[in-house]
Amino acid sequence: MVELLSPAGDFECLEAAVNFGCDAVYVGGKGYGMRASAKNFDPEELQKAVQLAHNKGVKIYLTCNTLPSNDEIDEFPEFIKSAEAAGIDAVIVCDLGIMGLVKKYAPSLEIHMSTQVGIVNYAAANELYKMGAKRVVLSRETGIEDIKRIRDKIPEDMEIEAFVHGAMCVSFSGRCLLSAYMTGRNANSGECAQPCRWKYSLVEEKRPGEYYPVFEDDGGTYILNAKDMCMIEHLDKLIGAGVSSLKIEGRAKSAYYVATVTNAYSMALDFAMDGKPVPKWIINEVGNVSHRDYCTGFYFGAYDAKQVYGSSGYVRSRDFVGVIDGFEKGRVLLTQRNYFTVEDKLEVLTAGREPVPFSVKQLFNSEGDEIRIANKATEKLSAICDRKFSKGSILRKIIQ
């Protein structure tokens, strides 16, 4: 059994991951996680998150993978004891001090060593196993052939986790000081401002205001702006190399992103496990969320792990415009999320199924009045339709 591991920055994202096919989900608490910009979970919310996930047979892992200060170390024992009491299944760490405190104060928890550790060889994995690690999250710089060697030379019951989708960092295993130097926001505390995505020029100190372009390529000057990873067509190779868990990056992403990407990879994994090629429509699904140009990272060599030179912006082919709440008296009930009109070309995405067209014959607002334009976020709407859709299905607008 190969695990699909999805991100959740808040409760809505957690529900999206669980409902659209993940086997496990990783979340952050109100400290110690590498995504400080996400809403994350306080102790009460974490307990509810565990209950929701476990009710659906989904495991939940807590990220504690920052490099904590002395003051944060002092507060960690109570933090991790509370998380253990909430019922989480594992904790993801990178600091050896944190690892020791987890073993001392929350001994029931599995320990997963974060990609921030920079694990690229079997010797490191074996030493971490001796120290109590159940799983290693390999560095994104680890190639397929190296994963095979690691799998062959570590204990059989030690698990390997590897990223398959999402944003990549130009620094090794995400350890970067650029944000801290330029903005005071420490990436290793989860506060990265992503200055690697900015456009740079060269200025000679005696000629202020005169900007000279810096070219890594004829296309532009985004010399640190890495492509996003996408391995949806190559899951069979990762499985064959011995990967136990396939990880989707994105705890700062939206619920729509989490649902769409989880759904695509869940279906793709089923095909890969059966030894069958992944259908084109499933592969195309990962293009329906905001993303930078895709690549396969370092899995097949460094030649594909390049930068996006022309822009630091995102591309997508769909807009998330609503969530299906149910069906009543010949009408689809939905909550509007973004602007759309009855003339727009729409479709519905349901977990585990190919998207289907959604034609709006008549649309009504929360007062029961017929409307042509939906422009009030979170308003409850209804549309005349002769087809039922599962609760939680996603309404999308096709934009290209």
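Enquirer: I'd like a description of the pairing of strand E13 (residues 318–328), backed by residues and values.
Expert: Note on strand geometry: in a regular strand, side chains alternate between the two faces of the sheet. Burial analysis of E13 places 8 of its 11 residues in the buried class, which makes it a mostly covered element. Here E13 pairs with strand E22 (residues 394–398) via 5 bridges, running antiparallel. Looking at the pairing, Asp319 lines up with Lys397 of E22. Across 6 bridges, the pairing between E13 and strand E14 (residues 331–336) is antiparallel. Across the sheet, residue Gly326 finds its bridge partner in E14, namely Leu333. Hairpin connection between E13 and E14: a loop of 2 residues separates the two successive antiparallel strands, and Lys329 in this loop has a positive phi of roughly 50°.

Enquirer: An account of the packing of helix H3 (residues 70–86) against helix H4 (residues 96–105) is needed here, citing residue identities and associated values.
Expert: Viewed as axis vectors pointing N to C, H3 and H4 meet at an angle of 50°, and their least axial separation amounts to 10 Å. Here H4 runs oblique to H3, going by the angle between their axes. Between H3 and H4 lies a crossing of right-handed hand. Contacts from Ile73, Phe76, Pro77, Ile80, Lys81 and Glu84 of H3 reach H4 at Ile98, Leu101, Val102 and Tyr105. Split by residue class, the contact of H3 with H4 holds 8 nonpolar, no polar and 2 charged.

Enquirer: Report on H3, specifying residues and quantitative values.
Expert: Here H3 spans 25 Å end to end across 17 residues, near enough to the 24 Å set by a 1.5 Å rise per residue. Roughly 45° is the biggest bend found in H3, and it falls at Phe76, with proline Pro77 one to four residues downstream. Among the residues of H3, Phe76, Pro77, Phe79, Ile80, Ala83 and Ala86 are the ones counted as buried. Contacts made by the buried residues of H3 are with helix H2 (43–55), strand E3 (59–64), strand E4 (90–93) and H4. Positive phi appears at Gly87, one or two residues downstream of H3, with a value of about 100°.

Calculation notes
- Residues numbered from 1 in each chain as written.
- Predicted model: local features only at pLDDT ≥ 70, side-chain atom pairs only at ≥ 80, totals over all residues.
- Heavy atoms only, no water.
- Buried < 20%, exposed > 50% of the residue type's maximum accessible area, 1.4 Å probe, protein only.
- Helix = DSSP H or I, 4+ residues; strand = E, 2+ residues; numbered from the N terminus.
- Pairing = 2+ DSSP bridges.
- Axes fitted to C-alpha atoms, helices over the stretch in contact; angles between N-to-C directions.
- Parallel < 35°, antiparallel > 145°, perpendicular 65-115°, else oblique.
- Left-handed = near helix turned anticlockwise from the far one by under 90°.
- Contact = heavy atoms within 4.5 Å.
- Nonpolar A, V, L, I, M, F, W, Y, C, P; charged D, E, K, R; others polar.
- Expected span 1.5 Å × (residues − 1).
- Bend = angle between axes of the 7 residues up to and from the residue.

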